[in-house]
Amino acid sequence: MLAEVPGNPLSSGPLWTATRGKDEKGPGLTLQRSRDAQRKMSSQRCCFLGVETWAELKWEDWELGGEFTKTLLLKNIHSKLQKLRFRPPVSKFFTTLFPQIITLSPGTSFSLPVTFRPLDRCEYQDTIEFHSKDGLFQVSLRATIPRHALDVPESVLLPPCAVLHQSQTAFMFRNASKLQTGFQWEVPSPFQLCPESGMLEPGQERRITVLFRPREALVYQVQASCAFGDEGENSCTVLLQGLSKYPFLQISAPGQEEGCKVLEFGNVPVGCTMERHFEILNPSSITTSFSLSRMQRPALSESVFQCGIQKGEVAPRTSIRVPVIFSPVTVDSTTVDYLSLTCPGALSKTLLKVTGTCIGPQVSLSSSMLDFGCVDEGEEALRTVDIINSSSVEAQYQFDLDTTGHSVFTLEPACGALPPNSHRSLRLLFRPHHPMGHHRRVVCLLLHREPLFLDLIGTCHSEQLKPAILHPRHLVLYRQHLARGLTCYPPDVLGAMLAEDKIQVDQEGALMLHEDPAAVPEKSPMEEYYQGCAGGKVEAELGGSGEGSSTNSSHVTVDPPELLFLNGSLSTSQSVTLSNHTKGKLSLVWTPAPNSPFSVTPSSCDLGPLKSTAFRVSYTPKQHNTFHGAQLECFAHYKVLRDHRQVEDRTLCPSWCVTVRVIGHSFQPCREHFIPRFSLQHPRVVFPALSLVSYRTVLLENMGDLPLVFRLDPEECPSVTVQPTSGLVQPGHHQILTLRTTPAEDCPAKLPLTLHFNASPKHTQELSVVSVVEKLCLSLEGEGSLFFKPTAVGSCSQSPYRVRNLTRLPLRFHWRIPGPDQRFISVAPDTGVLQPNETMVQTWSFTPFEEMVYNLKPNLTFWPIQTPGCRKSRLPLKVVGMASKGSIQAEHSVLDLGEVLVGDCRSFEVPLINNGSCSVSFCLSVQQSLLDPGLPENTQKKDPVALELDSVRGTIPARSRLLIRSTVRPARRTRYCWDLTYQTLSSTGSVLDAPQALCQVLGEGVFPTLEVTDVRCSGSVEGLSKLQIWSLFSLGQLNAHLQRDPAPPELTYRVPTRHSLRRCPSIFTSAMLDFNFSAAPLGSDPSSVLLMFENTGSIPVEWSFLFPEDQQIELEYWAETGEFSTTELHHMKVQDNRLFNITPRSGKLHPGQQKAVTFSYRHDFAGTDRLPVLFKLSHGREILLNFMGVTVERDRHYLHFTSTKHVFAPVAIGGFSPPKQVYELYNGGAVPLRYRVDTEPLEQLTADNFGHPVLQCLNPQGEVKPGRTALLEWVLSPLEAKTYSVDISIHVLEGDTMLLTFEGCGFDNSVLGESAPVQLHDAYMSVPSTQRMALPNQVLFLSEERLSLGDIPVCCRSTRVLFLTNVSHSDRVLYTWNLTDQSVQIYPEHGTLSPGESSLCILTLQASGSPSFYQLDIICEVTLEEALSQYHQDLQQWELERDRQRNEFTLTEKDLQPSQTSYPQGHTPSQTSYPQGHTQNQTSYPQGHTPSQTSYPQGHTPSQTSYPQGHTPSQTSYPQGHTPSQTSYPQGHTPSQTSYPQGHTQNQTSYPQGHTPSQTSYPQGHTPSQTSYPQGHTPSQTSYPQGHTPSQTSYPQGHTPSQTSYPQGHTPSQTSYPQGHTPSQTSYPQGHTQNQTQESNTKEVAPSPQKPGPVVRKYKTLPPIHSSSSSAVVGGMCTRPSRAERRAQREASQVWRRPEPPCPTLLHLGVTARSHSLLEFQTFFPSLLSTHHINRSARPNVTRCESRQSRPPSVDMPPLSHGPERDIITHTLTSIFRSLLDDPRFHHSLVNGVAEPVPYFTQLRQTAYSPTTPLPGAASPYPGNSMPYPGTREAHPPCPPTPQLLMGGSLYSAGVTEVTKQQPQTPKPTVKRERQFSVQETIRRLPEFCDVTEEVLLNTLQNLMVEAFLGELVLTARPRIIALPPVSARRNSCGSRRLSRGAADPDRSRETRGAPPLGLSFSPGPHLPPSALLANLAWT
């Protein structure tokens, strides 16, 4: 922002303005402008119309009267030449060059000078305008005067800041003027600027720091004002913005307690340190500072926790780790400390509790006693003992045993450090010097632990003395005797007392007095150690009066226990006194040590009872300046023990050992002693604050290389005793010092204890001892008061309460509640231990029993944990509580969970509400009921409750809402209902009232379900119907399995996983289905099947298809065995080659979602392929799908059977017309095949049933086209109610034979009654009737794909309406219905649909006269009109090009010299051309032929004669005995232009017998390659009518043999035509081909004579070997083609092949029905009889031996036999029919005949009377089913008779006829009316009349449906009542003459529908509208 003295800003008004200084409004106004805008206007170069220049020229430093010139630089940055014209400035103050055209080439510049001449001191402004052909632009000219201006930002945003924190930022401001400017800032709190004032030179910048210190959490926006100028006359402002929030920090630690986090260190070894971390989290968006401090601790407490960070800052949304170090020093103590996290401005503090326990070593000895046995004097014995450290702490140990030879026992090593969890073997030697029993109790000192003791015993024998041998049992008896006070008596006295019965022997063999003395408490190890160090004396501090008794005093004592020789003398001695406290005489023996400076005299003596004696200890060092130390050892034993014969074993007493510590040095006076190097752990020793004897240990380590001598003065601190007080520590060894004291209240806080080292006052170390007794102190929260919130009567409320230990002692506490108050209040825990400085949160419970206010006073009792029997302290607590009543209720009375996966769990919450003022304790209960009525009661009772409540008991606070977390785990698929009730609880958990209803929870256990809702097929299985695919893939069973519950083994792995080590995984399911991909030829398109899976449940479903490789655990290469079974190898082959593929293999479907899954099978290898695939639903079913597919060799005849067993529908016994049933045969190969059914088993079955045909096959042989299905017709007529089974072989010509088992069951209607299986049990009712998924590029859809007409009577007609819809937005389609079954008609049969258009189709099924099962598959071929048009266009262009190539040629030969080489007749060498790239010698000819001998087609030369691709004349083979010239080709074709079937050459292409290629004629304009044959046939394999060749066989106009389709399973030769007709002469209905119109009268054509052909011989040549394609069979030969072959291939690739017609898309329509005889239908379906019309003119068939298409010969004319007569008739009729077809008058007469009015009763007209014409009621001349019926293609409906015939013939008998002839007079009117009425009634009863009426009604309804579909009629409109004038009865009977729309406007209907008008009758006769039909019925 620029702040300056105000002036006029730039405006778009005047071109220039001048503002003088005298016109300024005042000095206080400012103009603010951003720095960026100013720079952009002044210094930034801009581009205008491809010219780069400045946007503004500015003059700042100018003076009056001067000229100031600046240059405006114009640069052309465009890629083309620029010409600019400019307008100079308008004002006279700015001048430039004279206007001219500035020419700028690309990249060049032009400088335009601009001069400014000011005349007054003001601002000036003007512009220069530039023009170009692309537009204009301006450059501003501006001159300013100097003024004070500051460039400051408009606003400054400071970082967010926490309350009571500080944030800062800085901004720059600049003096934008040319004047020196002073500034002064003013800003309110909480902002502060630094510096606040100063002076700026022109253009100088200054940095201003902004500080933000908020005190409240607010959003601050403050204007900072700056006064600037000479005297501050100008001002500007800056907006300061800041945001402050309350700081909030969290502590993240592993533990959690009430009110604080806990950092637990656990057990830490003493002397070690452990570091743990906790995190300080800052979840806010502001930086927060913190400080960590310790809470106040008890005085004199040790500081064992060190925190590495005391204060710091935490960035927003980050954390920092704070280390805490724990260094414990006191073993078996728990230390608690509290760290307080404090944030300035925070609303609360956060505490962190740190706690840790110090643990010491756990050391033990492998044995507490070692027995060295008996050793002779002068010998030694060796023993070992293990010292074991079983803890995780390093242990420091030291055995108090002399190592310098002053002891008979030697231990190595005597001291050391034992690592954690380790042990060490100690080596002990026993070297006795005197014959006696030795026993010494050696102490093992442990740092921080009490000492261990090791008893060493051994006996020494000499030759003279044999003392009693000591054994371990003696030591055991000695301890018992010592406890009983018997060890003071010598063994002989004890023996005498035993003899005198003064003492006795106990059960263990020990001696005992008759009266046992009082039990003496055992000494602690520390007490025993201290007594031993004191020379066996008992000190006053330890015992009092009791310890001075004889039982507690030692047997032998020594005084003093230690001797110090520190005067530096080389020879000195001191005395030591030993006292005998026993009642027997002792022998004292000192252990000598050779080469020792210390010696004792005398070395042994005897000491009487209760006597003392003195010994002299001498110190005689052998060298100067050395330190010496030793432990002198003296053994004392009863003298009587010298001889073992004088003592008994039971009175044997071991010896005692006393020691004297001696220390001395030989340093001469004034000699400097060694400087000690030592380590002391720990210098500060703290004793417990109790008035008890306490012990502590300190470790003194010698860290130097010289011995170390230490000494303590016991008199310095009498209250603290240290053992040992002196000693010698060898280099690298250590000494464990034990301190003992009894703390006192008046003891100072610190007791000094000085250690002297190396007998020099210079070397000392002070030990600080804390031994103070503290008073017990506990702190209670709330000044000793506790208040409870309102509590429900009988319920319980809780409140936390804190108690803190303010002492250094662990205290045990106990709450004492008065007896009456214990009913109302309780505390947990009521007893426990409070560690020093620990705060414990205790929970108090208040349970009232009536509404009142309670005032209670419990007491807290506490005492030190070390002194449980001491006096206890008490603190009172005041407790106040109030009681009230309450209840709870559920927020929702009913909770519906919906569907829950069985085996899974679903968690939900039940909200409970407490609207009262007190908390309510409750107990919930659940009662389960199953709503499935099909489950037995036992199952409902035994089923576990599937609803689990996370908390059955709980408490809801007052006016609160509690969510009860619940989990549902349904165990079965059923509907659940759970009733939740509650009961209020008392404080003890007992129920206070009866259960009360809360809510009801509903749920349903379900398994994940999928369902296949649709199936589509494409590729090689496109010809299969949906019904067949549904059966092949067992989709009905698959859906049934998916709806069932999974078995427990199927849930072994609930989700897909790799669990098997084998390539054939284990199977956990019993559900196995076959996915049969049918069969297809090798190399054909993959068989693709699309299944639509839909999640029909309400839970998501995860599904997957697992191949064997998906279930196998991947093993390492070395783990593979390499041995595979045949099955495994086959599976590996299938999986490696991806023969079976599934896309996608897995997915997840939410409820209602659908997914299309593609299953494909590649036909790459011949044979049968199988692969087990596991269909897995997560947490649901497992179904094993056996994928199976068959690939057939292309030349193999193969019938595909899905099963070897077929079961027919049950048939009732005793019936006269059993139904006809069908069995499908599918041709899975690439060639047509013929089959034959072996009927011998059927004949045998007939013979076994008394000649009754139980099972008949109506068509035992036939032909099946490739990829098509043939139907075997069967009739099952059982004799008995049983199951018939017969094995029948089906033979395939040139193929395999399959043995099938056919089963049929007969049942008795009289036995089964209504349950008889006579209804149509459609096994495929689950097959969806509508399409749910589209195939790729599918544009036409059927409204229904399956029609089930159900059960119908015979001779009835059923009609259904279908819709065809074109869903494309741009393509028109053509559709054609292929109706191969005569019983079904669809109208219209073909048509065209525009984009988005629909077509209404009517399907009619005319049931035959015999019961049958109908299972039809009707195919609709769909072709895109654009593709068909493109095909015709390409075909036309191809034909034009073919004609051009046929008629056009170029002569390029030149006259060549003749040679000896002969050429074709009339040709010279130059005229003879050769194949491209070949010369004469390179061109090979047939064997034995020369070029001249080789003839070529007429008019062709060798070069003009082209050969098959890659062949030369010699490589091209010809028919046997023919040369190229003898081999004729189609007219205008050469050998190369004549194409042959794929993969065939000329000689491989066979022709009709005796014909050559030229003799074999083809359809006009076609060549052999253009003439297509039936699939898999060659010209020789395609047979034609007898005596016809392909050219003689004419086809329908515009059709070729391949375009002309034949009846299923027929070839041209197998298709018979009318006598004397060829396919082209046989006319068909418009738009129909041969296979669409089936001719019933099939006649054989007589053979025509053939000319004998010339004698030919065969040349054997091999076809060319081509490289195999990618789809070829693996392992086929692949050779590299030669150069000629490659050149031929290139030439062939340039050949324009004949276009192929587009392949239509197939839509399948399935129709199923079952027809019953009239008697059976009336019996079992009486209610449905009225819904069907029976065509009574067609009688039921009873004969099954004839084919459906067979027709009996006429009675009038016998059938023609083969011979000349038949040939003559055939040729005659052929000529007549051809002449009629060519006669236009005949065509005109036919058209006029249709337009003639139809006479009355035309429909009832019959044929003329003849001897064979039956009368009504007479037997039909047509046997069985041969009588035609209406609605079929073969027969026309019977014509009704005229009235005359009806009256004269069919309606009256012969007698009536004669009477009528004899009485020709006119009858009376009454008789006439009666006769007329009788005739009408007779007509109405005629079956023909009923049929006509039914057809009229059906036609009318169909017309209405068409009108409604076209939108011309609204079926749902309300009926309108129109009053019409009365009409006569005759007019009413005649009916209306209104034509239907379909008949009245046929042109419009034809345009709209693309087909003939709807409403036509389905009979072959002409269509009549309803009005015409009704008009024909009106007669008088």
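Rules and cut-offs
Residues numbered from 1 in each chain as written. Predicted model: local features only at pLDDT ≥ 70, side-chain atom pairs only at ≥ 80, totals over all residues. Heavy atoms only, no water. Helix = DSSP H or I, 4+ residues; strand = E, 2+ residues; numbered from the N terminus. Buried < 20%, exposed > 50% of the residue type's maximum accessible area, 1.4 Å probe, protein only. Contact = heavy atoms within 4.5 Å. Areas by Shrake-Rupley, 256 points an atom, 1.4 Å probe, with all protein chains shown as cover. Pairing = 2+ DSSP bridges. Axes fitted to C-alpha atoms, helices over the stretch in contact; angles between N-to-C directions. Phe/Tyr/Trp six-rings, centres within 6.5 Å; stacked < 30°, edge-to-face > 60°. Lys NZ or Arg CZ within 6 Å of the ring centre and 35° of its normal. Patch = residues over 30% accessible without salt bridge, like charges linked within 9 Å, V, L, I, M, F, W, Y side chains within 5 Å. Salt bridge = Lys/Arg side-chain N within 4 Å of Asp/Glu carboxyl O. Arc of directions from axis to C-beta. Polar contact = N/O pair within 3.5 Å; in protein donor to acceptor, adjacent residues only side chain to side chain. Core = buried A, V, L, I, M, F, W, Y, C linked by side-chain atoms within 4.5 Å. pLDDT = per-residue confidence, 0-100. Lys, Arg positive; Asp, Glu negative; His and termini not counted. Charge placed at Lys NZ, Arg CZ, Asp CG, Glu CD.

### Some words on the overall build of the protein
Thinking step 1. For the protein, the count of helices and strands is 25 helices and 111 strands.
Thinking step 2. For the protein, buried positions account for 45% of its 1980 residues.
Thinking step 3. By sequence separation, contacts in the protein at least 24 residues apart represent 72% of the contacts at least 6 residues apart.
Thinking step 4. Of the roughly 98800 Å² of accessible surface on the protein, 52% is carried by carbon and sulfur atoms.

### Some thoughts on the environment of Pro106
Thinking step 1. Mapping Pro106 onto the fold places it in the loop between strand E10 (101–104) and strand E11 (109–116).
Thinking step 2. In this structure, the C-alpha to C-alpha distance between Pro106 and Ile77, residues 29 residues apart in sequence, is 6.1 Å.

### Some words on the sheet that holds strand E86 (residues 1087–1094)
Thinking step 1. Sheet architecture is open: four strands sit in the order E84-E86-E90-E88, paired in antiparallel fashion. Strands at the two margins of the open sheet, each flanked by one partner only, are strand E84 (1011–1019) and strand E88 (1140–1143). Shown here is a sheet whose adjacent strand axes are inclined to one another by a mean of 20°, direction ignored.
Thinking step 2. Sheet topology places E84 next to E86; eight bridges connect them, and they run antiparallel. Among the inter-strand pairings, Gly1019 is bridged to a residue of E86, identified as Ser1087.
Thinking step 3. Strands in contact with helix H8 (residues 1035–1043) are E84 and E86; relative to E84, the strand with the most contacts, it is inclined by about 150°.

### Digging into the packing of aromatic side chains
Thinking step 1. This model, assessed by the stated rule, comprises 63 aromatic pairs.
Thinking step 2. Consider the rings of Trp62 and Tyr124, whose centres lie 6.2 Å apart with planes at 70°: the pair is edge-to-face. With Trp62 in the loop between strand E6 (56–59) and strand E7 (68–76) and Tyr124 in strand E12 (residues 122–132), the pair connects residues that are 62 residues apart, well separated along the chain.
Thinking step 3. What makes Trp62 buried here is its relative accessible area of 5%.
Thinking step 4. Measuring from centroid to centroid gives 5.1 Å for Tyr976 and Trp978, while their planes differ by 5°, and the two rings are stacked. Grouping residues by exposure puts Tyr976 and Trp978 together as buried.
Thinking step 5. Above the face of the Phe1107 ring, Arg1145 is positioned so that its terminal group lies 3.9 Å from the ring centre.

### Re a nonpolar patch on the surface
Thinking step 1. Residues Ile1776, Phe1777, Leu1780, Phe1786 and Leu1790 make up a contiguous nonpolar surface patch of about 390 Å² in total accessible area.
Thinking step 2. Elements supplying a minimum of two residues to the nonpolar patch: helix H16 (1764–1782) and helix H17 (1784–1795).
Thinking step 3. Among the elements that make up the nonpolar patch, the one with the highest residue count is H16 (three residues).
Thinking step 4. For Leu1780, the location among the structural elements is in helix H16.

### Side note on the side chain of Ser1408
Thinking step 1. Topologically, Ser1408 is positioned in the loop between strand E109 (1398–1406) and strand E110 (1413–1424).
Thinking step 2. Owing to a relative accessible area of 11%, Ser1408 belongs among the buried residues under this scheme.

### Here's the deal with unusual backbone geometry
Glycine aside, a negative phi is what most residues show, and trans is what most peptide bonds show.
Thinking step 1. Here the amide bond leading from Asp559 into Pro560 is cis, since omega sits at -5°, within 30 degrees of zero.
Thinking step 2. Assignment of secondary structure puts Pro560 in the loop between strand E45 (556–559) and strand E46 (562–565).
Thinking step 3. For Asp501, which is not glycine, the phi torsion reads 65° and is therefore positive.
Thinking step 4. Mapping Asp501 onto the fold places it in the loop between helix H3 (491–499) and strand E43 (503–505).

### Some points on helix H11 (residues 1240–1248)
Residues that lie three or four places apart on an α-helix share one face, since the helix turns once every 3.6 residues.
Thinking step 1. Every buried residue belonging to H11 is among Leu1242, Leu1245 and Thr1246, and all of these are buried. When H11 is viewed along its axis, its buried side chains cluster within an angular range of 100° and face the same direction. What points out from H11, more than 90 degrees from its buried face, is the exposed set Glu1240, Glu1243 and Ala1247.
Thinking step 2. The positive-phi residue at the C-terminal boundary of H11 is Phe1250, with phi of around 60°.

### Quick notes on the side chain of His673
Thinking step 1. With respect to the element layout, His673 can be found in the loop between strand E53 (656–665) and strand E54 (678–681).
Thinking step 2. Judged by its relative accessible area of 12%, His673 falls in the buried class.
Thinking step 3. At 2.6 Å, the side chain of His673 and the backbone oxygen of Asn758 are in polar contact.
Thinking step 4. Apart from the residues lying within four places of it in its own chain, the contact partners of His673 are Phe627, His665, Phe667, Asn758, Ala759, Ser760 and His763.

### Brief notes about helix H10 (residues 1126–1136)
Thinking step 1. Here H10 has its buried residues at Glu1128, His1131, Met1132, Val1134 and Gln1135. Along the axis of H10, the buried residues cluster in a sector spanning 165°; they form a single face. Along H10, exposed side chains directed more than 90 degrees from the buried face belong to Thr1126 and Asp1136.
Thinking step 2. Of the surrounding elements, those touching the buried residues of H10 are helix H9 (1108–1111), E88 and strand E91 (1167–1177).
Thinking step 3. Positive phi appears at Arg1138, one or two residues downstream of H10, with a value of about 50°.

### Structural notes on the nonpolar core
Across soluble globular proteins, nonpolar side chains have a tendency to be buried as a group.
Thinking step 1. Leu1038, Leu1091, Phe1093, Phe1105, Phe1159, Phe1175 and Phe1187 are the most contacted members of the largest nonpolar core, which totals 43 residues.
Thinking step 2. Listed in part, the 33 residues of the second largest apolar core include Leu588, Val617, Leu632 and Ala636.

### Observations regarding the confidence of the model for the protein
Thinking step 1. Summing up the model confidence of the protein, the mean pLDDT is 77 and the portion of residues at 70 or higher is 75%.
Thinking step 2. Per-element mean pLDDT across the protein ranges from 32 in strand E2 (residues 19–20) up to 94 in strand E36 (residues 381–389).
Thinking step 3. Contacts from residues 1742–1761, a stretch scored under 50 in pLDDT, to residues over four places away or in other chains number 29 contacts.
Thinking step 4. A low-confidence stretch, residues 1800–1864 stays under pLDDT 50, and its non-local contacts, those more than four residues away or across chains, total 112 contacts.

### What about a negative patch on the surface?
Thinking step 1. A cluster of acidic side chains, namely Asp376, Glu377, Glu379 and Glu463, defines a negative patch on the protein surface.
Thinking step 2. Within the element layout of this structure, Asp376 appears in strand E35 (residues 369–376).

### Points about the pattern of salt bridges
Thinking step 1. Counting across every chain of the model gives 48 salt bridges.
Thinking step 2. Residues Lys502 and Glu500 are paired through a salt bridge, measuring 3.2 Å at the closest nitrogen-oxygen approach.
Thinking step 3. By relative accessible area, Lys502 is classed as partly exposed at 48%.
Thinking step 4. Among the salt bridges present, the one from Asp1014 reaches Lys1026, with a minimum N-O distance of 2.8 Å. Remark: Lys1026 occurs in helix H7 (residues 1026–1032) and Asp1014 occurs in strand E84; sequence separation between them is twelve residues.
Thinking step 5. Under the relative-accessibility criterion, Asp1014 is labelled buried at 0%.

### Some details on the sheet that holds strand E107 (residues 1384–1387)
Thinking step 1. Strands sit in the order E103-E105-E109-E107 across an open sheet of four strands; the sheet is antiparallel. The open sheet terminates on both sides in strands that have one partner only, identified here as strand E103 (1340–1342) and E107. On average, each strand axis in the sheet is tilted by 25° relative to the strand beside it, whichever way the strands run.
Thinking step 2. Alignment of E103 against strand E105 (residues 1357–1366), held across three bridges, turns out to be antiparallel. Among the inter-strand pairings, Leu1340 is bridged to a residue of E105, identified as Asn1366.

### Some points on the environment of Phe212
Thinking step 1. Here Phe212 is to be found in strand E21 (residues 205–212).
Thinking step 2. Along the chain, Phe212 and Gln192 lie 20 residues apart, while their C-alpha atoms are 6.7 Å from each other.
Thinking step 3. Filtering out sequence-adjacent residues up to four positions away, Phe212 remains in contact with Leu158, Pro159, Cys161, His165, Gln166, Ser167, Pro190, Phe191, Tyr220, Gly242, Leu243 and Ser244.

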